[in-house]
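Overview (structure and organization)
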Amino acid sequence: MSDKALLQYQDKTFEFPVIQGSENELAIDIKTLRAQSGMITIDPGFKNTGSCESAITFLDGEKGILRYRGYSIEDLAEKATFLEVVYLLIFRELPKADALAAFQKDIVAESHVDEEMKKILDGFPKSAHPMGVLASLTSALISFNPNSVNASSDKEMYAAIVRIVAKFPVLVAWTMRKKKGLPLDYGDDSLGYVENIHKMMFKKPSQEYTKNKVIIDALNKLLILHADHEQNCSTSTVRIVGSSHAGLFASLSAGISALWGPLHGGANQAVLEMLEAIEADGGDTKKYMAKAKDKNDPFRLMGFGHRVYKNFDPRAKIIKKAADEVLNDLGIDDPILAIAKGLEKEALEDPYFVERKLYPNVDFYSGIIYRALGIPTEMFTVMFALGRLPGWIAQWKEMRENNEPIGRPRQVYIGENFRDFVPVENR
Ligand code: ACO
């Protein structure tokens, strides 16, 4: 293998190093391109652009592989707790028992949210979308923790990380409780991280909280499957905002906004709304398949297709199985699941989807589980954010530790050339 790539333009040849990742991915290092040639590259949507070197998550879209810090998503979803995965992503290794216990203890110690935050939440109408509320609350948290983090201090980094890992579930739970008109509660220090999330979200004021193993296992799995996905839209947002040395919470709030969109995290809400609409319209999946293929119709089959998975999304496989198990265990017979399975079957046999390598993604089945767990549709993307939190933190930390330069792409200007200003009366 040559370790140099040559670019020929007119009568000049420019030389660039080729770098190789630990899973053999090759990249042309064009850091000196503009200095050498005066040219830039253009790559809308960054389909061919690596923005960083990262040691957190490996994915191979062709083979359908996803690994966090070297561990397969299948193993982690089956055998790990979400809190272990949080630790693994952020601190590089699976925690030993004492490190995990200490991490949990530190989280418990930080799990209160200033009561004043309730007033901020109070200001939102009940109709506000939970993602907007969550982004705002995460931003507001800065005012209550105003000290900026010295990224070269392990102690300060750790304190900031523990603070947000502890408080974020409270914000998520409050966001949902506000929507449902339930009192804003706190958790229970004696519960595990995921059980506590479940309790904070669902406990009714007049009832004792009862644990449900099936629900906790499903939540644990869903959160793990969403925990990181390398340089996706929201993670790139977190890294780029943080690259200006904006603080962790501000960067996370920006990431939440990026996740909100229906082409990214908002797809899980869009999938369920689509399935409900198909059901309400008589359940004719063929009609919607035809709409998805019609280039004059803006309708897309939500939950299908992925920027990097061009074979299958390994998370979708795990979630599909989990959806079946959860619905069986809870004794739910949901017609929406039948419509989802029908659509999947048709799409997997349809040349339009096969040729374009469009497969169900993680969001195709996650909404069905959230719905079975009693989570309102508008909260689905908030659940995604809860799962993605450790990934965002790990990526932000890595970016600061690597001293990455401020993210600032260039452009090819295609606007007007110089023109003289014309006063308003003469235009
Ligand atoms: N339904 C119908 N056609 C589709 C779909 C779909 N869901 N997705 C892609 N296509 C078609 C496009 O129209 C295009 O067709 P063409 O080549 O004839 O023009 C071709 O497939 C390629 O699509 P692109 O949009 O260029 O692919 P890209 O990689 O840019 O987009 C994306 C990926 C945004 C995920 C896209 O597949 C999509 O919009 N899917 C639906 C939304 C969704 O499920 N998003 C969740 C992604 S996973 C996540 O964020 C966790």
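Higher on the page you've got the structure.
Below: a short report on this structure. None of these values were measured; they are calculated from a predicted model.

Within the open sheet, the 3 strands sit side by side as E4-E5-E6. Their pairing is antiparallel. On the outer flanks of this sheet lie strand E4 (57–60) and strand E6 (71–72), each paired with one strand and no other. Pairing geometry for strand E5 (residues 65–68) and E6, over 2 bridges, is antiparallel. Counted as the bridge partner of Tyr68 is Tyr71 from E6.

Glancing now at the pairing of E5. Where burial is concerned, the two faces of E5 differ: the one with Leu66 and Tyr68 is buried and the one with Ile65 and Arg67 is not. As paired strands, E4 and E5 are joined by 4 bridges and run antiparallel to one another. Across the sheet, residue Asp60 finds its bridge partner in E5, namely Ile65. In sequence, E4 turns back onto E5 through a hairpin of 4 residues, with Gly64 there showing a positive phi of about 70°.

Attention shifts here to the environment of Ile197. Checked against the element boundaries, Ile197 lands in helix H8 (residues 193–202). On the basis of relative accessibility, which here comes to 2%, the residue Ile197 falls in the buried class. Remark: the alpha-carbon pair of Ile197 and Asp122, spanning 75 residues in sequence, is separated by 21 Å. Beyond its immediate stretch of four places on either side in the chain, Ile197 contacts Pro169, Leu223 and Leu386.

Okay, the packing of helix H7 (residues 154–180) against helix H18 (residues 380–401) next. One way to put it is that H7 packs onto H18 with a least axis distance of 10 Å and a crossing angle of 165°. Taken as axis vectors, H7 and H18 run roughly antiparallel relative to one another. Remark: the crossing between H7 and H18 carries right-handed chirality. Within the contact between the two elements, H7 uses Met157, Ile161, Ile164, Val165, Phe168, Pro169 and Val172 and H18 uses Val382, Ala385, Leu386, Leu389, Ile393, Trp396, Lys397 and Arg400. Along the lines of polarity and charge, the residues of the contact of H7 with H18 split into 13 nonpolar, no polar and 2 charged.

Near the ligand lie 22 residues; those nearest to it are Lys295, Arg300, Leu301, Gly303 and Tyr352. At a separation of 3.0 Å, an oxygen atom of the ligand approaches a polar side-chain atom of Arg356. Asn361 has a polar side-chain atom sitting 2.9 Å from an oxygen atom of the ligand. Protein chains bury 77% of the 920 Å² of accessible surface belonging to the ligand in isolation. For the shell around the ligand, a count of residues per class yields 10 nonpolar, 5 polar and 7 charged.

Here we come to unusual backbone geometry. With phi around 75°, Asn24 is a residue other than glycine that occupies positive phi space. Residue position: Asn24 is located in the loop between strand E2 (12–20) and strand E3 (26–28). Residues other than glycine seldom take positive phi values, yet Phe46 does so here, at roughly 50°. Tracing the backbone through its elements, the reader meets Phe46 in the loop between helix H1 (33–37) and E4.

Turning next to a positive patch on the surface. A surface patch of positive charge is lined by Lys47, Lys295, Arg300, Arg307, Lys310 and Arg356. With respect to the secondary-structure elements, Arg307 resides in the loop between helix H13 (285–293) and helix H14 (314–329).

If you look at the biggest cluster of nonpolar residues, it comprises 121 residues, and the most contacted ones within it are Tyr68, Leu301 and Ile375. Considering each element in turn, this core owes the most residues, 14 residues, to H7.

Buried residues of helix H10 (residues 233–242): Ser234, Thr235, Thr237, Val238, Arg239 and Gly242, and no others. Among the structural elements, helix H11 (248–260) and H18 are those in contact with the buried residues of H10.

Counted residue by residue, helix H3 (residues 82–91) has 9 buried out of 10 residues, so it is predominantly covered. All of the buried residues in H3 are Phe82, Leu83, Val85, Val86, Tyr87, Leu88, Leu89, Ile90 and Phe91. One or two residues past the end of H3 sits Arg92, with phi positive at roughly 80°.

Together, Ile40, Ile42, Val412 and Ile414 line one region of the surface with nonpolar side chains, adding up to about 420 Å² of accessible area. By the secondary structure assignment, Val412 is in the segment after H18. Judged by its relative accessible area of 47%, Val412 is partly exposed.

Now for the pattern of salt bridges. Inspection of the entire model under this criterion finds 28 salt bridges. Here Arg239 ties to Glu404 by a salt bridge, and the two come within 2.6 Å at their closest N and O atoms. Remark: Glu404 occurs in the segment after H18 and Arg239 occurs in helix H10; sequence separation between them is 165 residues. Among the residues examined, Arg239 registers a relative accessible area of 5% and is labelled buried. The closest approach of N and O atoms between Arg371 and Glu276, which form a salt bridge, is 2.9 Å. Remark: Glu276 occurs in helix H12 (residues 267–280) and Arg371 occurs in helix H17 (residues 362–372); sequence separation between them is 95 residues. Each of Arg92, Lys397 and Glu401 takes part in salt bridges that share partners, so that together they form one network.

Cut-offs applied
- Counting restarts for each chain: residues are numbered from 1 in the order of the written sequence.
- The predicted origin of the model limits local features to residues at a pLDDT of at least 70 and limits the giving and counting of side-chain atom pairs to 80 or more, whereas totals for whole chains, interfaces and linings rest on all residues.
- The side-chain figures draw on all heavy atoms in the structure; neither hydrogens nor water molecules are used.
- DSSP bridges decide pairing: two strands pair if at least two such bridges lie between them.
- Under the scheme used here, helices are H or I runs from DSSP no shorter than 4 residues and strands are E runs no shorter than 2 residues, and both carry numbers assigned from the N terminus.
- Exposed residues in this analysis have more than 50% of their type's maximum accessible area, buried residues have under 20%, and partly exposed residues fall in between, with area computed by a 1.4 Å probe over protein chains only.
- By definition in these notes, contact holds between two residues if any of their heavy atoms fall within 4.5 Å.
- Between the N-to-C directions of two axes lies an angle of 0 to 180 degrees, each axis being a line fitted to C-alpha atoms and, for a helix, fitted only over the stretch in contact.
- Oblique is the label for every angle not falling under 35 degrees (roughly parallel), over 145 degrees (roughly antiparallel), or within 65 to 115 degrees (roughly perpendicular).
- Handedness of each helix crossing follows the sense of rotation of the near helix against the far helix: counterclockwise by less than a right angle gives left-handed, clockwise gives right-handed.
- By the convention adopted, Pro, Cys, Tyr, Trp, Phe, Met, Ile, Leu, Val and Ala count as nonpolar, Lys, Arg, Asp and Glu as charged, and the other residues, Gly among them, as polar.
- Note on terminology: near, applied to a residue and a molecule or strand, indicates that one of the residue's heavy atoms is within 4 Å of it.
- As used in this structure description, the phrase polar contact means that two N or O atoms lie within 3.5 Å; if the pair is within protein, one of them must be able to donate a hydrogen and the other to accept it, and residues adjacent in sequence are counted only when both atoms belong to side chains.
- We get accessible surface area from the Shrake-Rupley algorithm with a probe of 1.4 Å; when it comes to residues, only the shown protein chains can shield them.
- By definition, no residue in a patch forms a salt bridge, and every one has over 30% relative accessible area; like charges are joined within 9 Å, nonpolar side chains (Val, Leu, Ile, Met, Phe, Trp, Tyr) within 5 Å.
- Salt bridges, as used here, are contacts in which a Lys or Arg side-chain nitrogen is within 4 Å of a carboxyl oxygen on Asp or Glu.
- Residues scored as positive are Lys and Arg, those scored as negative are Asp and Glu, and His as well as the terminal groups of each chain are ignored.
- Charge placement uses NZ in Lys and CZ in Arg. For Asp and Glu, CG and CD serve respectively.
- Residues belong to a common nonpolar core when they are buried Ala, Val, Leu, Ile, Met, Phe, Trp, Tyr or Cys residues joined through side-chain atoms within 4.5 Å.

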